[in-house]
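# Commentary on secondary and tertiary structure
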Amino acid sequence: MYISQIMLRDWKAYTTSSFDFPRPANGKNIILIGAPNGYGKTSLFEAIVLGMFGRDGLPLIARSPFSGGDKERLATSYKNFLEKALHRGATAAGRNSCSVKLVFVDDDDEPLEIQRIWHFNDSGVYRPQDEEVHIYQGTTRKAVGPGALLGTERADWFRDYIAENLLPFTLAHFFMFDGEQVSVLAEREMSAQVRAGIEGLLGIPVLKTLARDLRSYAEVRRKDSPNVSDKTIEKLELERHQLTFEYEKKCERYTEIEPSLAELKEEREHLTRELASFGAGSQALLQEQFEQIKNYERVIEQGRAQLEDLMMKDVALALSGLGLRGALRERLAGEGVRERWESGRNQGDSNLERFIRAVDSGMEGIDPALSSGQRSAVLDSARSAWEKLWFPPPENCADGYLHPYLNEVERVKVIDRLDELDELGAPAIVELLNIIASNEVALRRLQEEVTRTEAVAPHVDSKRERLSQLNGEIQALDQEIGALKREMSALEAQINQKNTDLTKLAGQWDQAKPSVRRAMRALKVASMVDEIVAKAVPSQIEAIASAMTEAHRSMAHKKDLVERIAIDENCDVKLLNGDDMDLRGYDLSAGEKQIFTQALISAVSSVSGRGFPMVVDTPLGRLDIEHRKGVLNHLVQREHQVILLSTNTEVVGEYLREIAPHVQKKYLVHFERVGDIGQSTARPGYFEETEARV
């Protein structure tokens, strides 16, 4: 599949403009669209994204990939964005709408056209209720649509149709992305990137939304029948609401500070390199010291996290004392014996009458025949003997159940956990505290050494001061992010437990009024979705790791360093060399981090099996020189169409010559100002060709 045409009308600086592309063939799959900054390159990228996905596509252009946002905020952002997207001269000329048309052609040369039209009032205010989507199929341009459906149902129909025939919006950021955003995303933890990538591949964000909607539906349905309302359910729902509110606030803060942290780290790296350029002596030492500082900070943070985990879980339980834990262990063991005893007895009781009938039948063959009294006595004796098989109960059998909510497997897990606590002692905690303290002492000593390092250029002092300030800010944000992640993990576990408790109550309400029954069944389905989500990510890990390894080898400059990429079931990543040593133990450069992220994007798009075109704005982003050719050579190896929107400092010169045999068509965006209104137009050609003609 490829894009054969893009048509814009009154979209940002484009009054009317058309781009036409041929089918990729004979190793030519690259479309180059050049434009200096501010000429309309990114506007074209935004038109492609929003033309396909409407409001759902806004996160691809309004924030970094893989981030979320609530629907209300997204709607407001969408409205604000569109009101700025309408060409400034349109309303003055009596045109109150703008549109984007995209024509896709599949492998059978069948076209599929999507046209999206946004309407505004005379003051340029967006009218969301009037947004139009038209889809035409085949060479006859047969219109397809949702018929009489309106509102959200109509929007959902178009979303599903585009997902089935072109691309789901949850996968869009692996095919349409901004190179600048990739550099921001590269500063996220590798495991977080991988998990988000696999979730996008599997459409898990949609499943998570479904689970939330089901639980909201269940809450509303249950409230429709107050007579059968259960205070326990209301209490659980209130607790879940409070936990969810806290979780969302933590997520919001995490999303807010993560980009800032990435920018600070990038500034620190740039400043460190700049200081190193002043001389190979003290500045080289300074750079090495800052690398050591980062390592100490990482070890200290990990130690604090481990200590906090011990304090929250193991230590708190250990303080309950050996006596109480021993009594609980003995009680659980006794309840396990009782459960097995009752199970055997119940199974035996179910077979008693059959046994008695067998004994009675067996007495028919006795000669001389037994009298009825004798037969009755034999049967009574048999019953008595059967009962004695189960009485008295075993010596270590509990007299009842204090913990009926535990099944056999859970009971064994609790006993094993209690056994582990017996092994927990003060030396382990003291050792952990000593490790943290020794690293803190070493960190302070190193920071004092950095302070004493002499400057080797007149203005190094101010740069060193800024670098010191950056390290403080980064350390504070790193610690806050670490705390947020731990808190979010704990809250998520509590929310999942509340959802499980609510689902268990569903069985008790199954015979209630219809609305309550529907509510409880919705909770059951939501829990099933939770289970699917939990099991889905590990199913794709091996395929993603393999595809990432291949892509990384294709793009990386130091190809001899990373032999393969390994990912475990928790999405923790290892970059292994030929000796199976994890290179993440060494700090990767910004370029190496970005190559990792590019490899993930390539892997997800490959594993998805979608033959959708790739559209990349600012393709070389902030990549260093060594990695630029690697990324470009990887893109030309794709079988499908790749559209690169480049500035005049990216795919030019030696980089253009590197991919020239694979370039199929070129456009250059021109910009001129008519009064105070800008006008962009697209013409065949490219930067160097225009300069040559001049």
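What follows covers unusual backbone geometry. Here Asp367 and Pro368 are connected by a cis peptide whose omega angle stands at 0°. Take Pro368: it is sitting in the loop between helix 11 (322-362) and helix 12 (372-388). Its identity as a non-glycine residue notwithstanding, Asn26 has a phi of 55°, on the positive side. For Asn26, the position within the fold is in the loop between strand 2 (14-20) and strand 3 (30-34). On the basis of relative accessible area, Asn26 is assigned to the exposed category, the value being 79%. In the Ramachandran plot, Thr618 falls in the positive-phi region, its phi being about 50° despite a non-glycine side chain.

All right, on to the side chain of Ser43 then. For Ser43, the position within the fold is in helix 1 (residues 41-53). With residues near it in sequence (within four places) discarded, Ser43 still touches Trp11, Lys12 and Tyr14.

A few words on the sheet that holds strand 6 (residues 132-137). Each strand in a sheet pairs with another by means of backbone hydrogen bonds, the pair being arranged parallel or else antiparallel. The strand order across the open sheet built from six strands is 2-1-4-5-6-7, with neighbouring strands paired in antiparallel fashion. Taken across any chain shown, the strands that pair with only one partner, and hence form the sheet edges, are strand 2 and strand 7 (142-144). Strand after strand, the sheet turns through a mean of 15° between neighbouring axes, direction not considered. Sheet topology note: the strand 1 (residues 2-11)/strand 4 (residues 97-105) ladder contains seven bridges and is antiparallel. Bridging from a neighbouring strand, Gln5 pairs with Val103 of strand 4. Relative to strand 1, helix 1 is tilted by about 105°, and along the sheet it contacts strand 1, strand 2, strand 4 and strand 5 (111-119). Across the sheet, helix 4 (residues 151-165) is in contact with strand 5, strand 6 and strand 7; its angle to strand 6 comes to roughly 40°.

Taken as a whole and judged by the stated rule, the model has 35 salt bridges. Ionic pairing is found between Arg159 and Asp156, a salt bridge with its closest N-O pair at 2.5 Å. Taken together, the residues Arg159 and Asp156, both in helix 4 and three residues apart, mark about one turn of the helix. Here Lys265 and Asp478 are joined by a salt bridge, their closest N and O atoms 3.7 Å apart. Pair noted here: Lys265 is in helix 8 (residues 231-276) and Asp478 is in helix 15 (residues 460-508), with a separation of 213 residues, a long-range link. A single network of salt bridges, built from pairs that share partners, joins Glu339, Arg340, Glu408 and Arg411.

In this structure, Asn29 sits in the loop between strand 2 and strand 3. With a relative accessible area of 2%, Asn29 lands in the buried category. A polar atom in the side chain of Asn29 sits 3.4 Å from the backbone oxygen of Leu635. When neighbours within four sequence positions are excluded, Asn29 is seen to be in contact with Pro24, Leu635, Val636, Arg638, His640, Gln641, Val642 and His662.

Okay, the pairing of strand 13 (residues 663-674) next. Sheet analysis places strand 3 next to strand 13, joined by five bridges and oriented parallel. Paired with Ile30 across the bridge in strand 13 is Val663. As judged from the eight bridges shared by strand 13 and strand 14 (residues 677-684), these two strands associate in the antiparallel manner. Paired with Val674 across the strands is Ile677, a residue of strand 14. The turn linking strand 13 back onto strand 14 is made up of two residues, and Gly675 within it adopts a positive phi angle of 70°.

Taken as a whole, the protein chain shows an average pLDDT of 82; of its residues, 85% reach a score of 70 or greater. Counting interchain partners and residues more than four positions distant, the pLDDT-below-50 stretch residues 63-69 has 16 contacts.

Across the sheet, which stays open at both edges, the six strands sit in the order 8-11-12-3-13-14 with mixed pairing between neighbours. Of all the strands in the sheet, the pair left with one neighbour each is strand 8 (176-178) and strand 14. Between one strand and the next, the sheet's axes are offset by a mean angle of 15°, whatever the strand orientation. Along the sheet, helix 1 contacts strand 3, strand 8, strand 11 (614-617) and strand 12 (642-646); its crossing angle with strand 8, the most-contacted strand, is approximately 145°. Against the sheet, helix 18 (residues 625-636) makes contact with strand 3, strand 11 and strand 12, and its axis sits at roughly 150° relative to strand 12, the strand it touches most.

Counting residues in each nonpolar core, the largest one holds 121 residues, and the members touching the most others are Trp11, Ile33, Met52, Trp118 and Met176. Looking at this core, the element that brings in the most residues is helix 16 (residues 514-555), giving 16 residues. Counting residues in hydrophobic clusters, the runner-up holds 24 residues, among them Phe290, Leu310, Val450 and Leu484.

To continue, consider the pairing of strand 4. Within strand 4, nine of the nine residues are buried, leaving the element largely enclosed by the surrounding structure. Side chains Ser97, Ser99, Lys101, Val103 and Val105 project from strand 4 onto one buried face, and the interleaved Cys98, Val100, Leu102 and Phe104 project onto a second face that is buried too. In this antiparallel pair of consecutive strands, strand 4 and strand 5, the connection spans five residues, and Asp109 shows a positive phi of 65°.

Where helix 11 contacts helix 12, the two axes come as close as 10 Å, and the packing angle between them is 150°. As summarised for this structure, helix 11 and helix 12 are arranged roughly antiparallel, according to the angle between their axes. Here helix 11 and helix 12 pass one another in a crossing that is right-handed. Residues Gly348, Asp349, Asn351, Leu352, Glu353, Phe355, Ile356, Val359 and Asp360 of helix 11 form the contact with helix 12, whose own contacting residues are Arg375, Val378, Leu379, Ala382, Arg383, Trp386 and Glu387. Split into classes, the residues belonging to the contact of helix 11 with helix 12 amount to eight nonpolar, two polar and six charged.

Calculation criteria
Residues numbered from 1 in each chain as written. Predicted model: local features only at pLDDT ≥ 70, side-chain atom pairs only at ≥ 80, totals over all residues. Heavy atoms only, no water. Helix = DSSP H or I, 4+ residues; strand = E, 2+ residues; numbered from the N terminus. Buried < 20%, exposed > 50% of the residue type's maximum accessible area, 1.4 Å probe, protein only. Contact = heavy atoms within 4.5 Å. Pairing = 2+ DSSP bridges. Axes fitted to C-alpha atoms, helices over the stretch in contact; angles between N-to-C directions. Salt bridge = Lys/Arg side-chain N within 4 Å of Asp/Glu carboxyl O. Polar contact = N/O pair within 3.5 Å; in protein donor to acceptor, adjacent residues only side chain to side chain. pLDDT = per-residue confidence, 0-100. Core = buried A, V, L, I, M, F, W, Y, C linked by side-chain atoms within 4.5 Å. Parallel < 35°, antiparallel > 145°, perpendicular 65-115°, else oblique. Left-handed = near helix turned anticlockwise from the far one by under 90°. Nonpolar A, V, L, I, M, F, W, Y, C, P; charged D, E, K, R; others polar.

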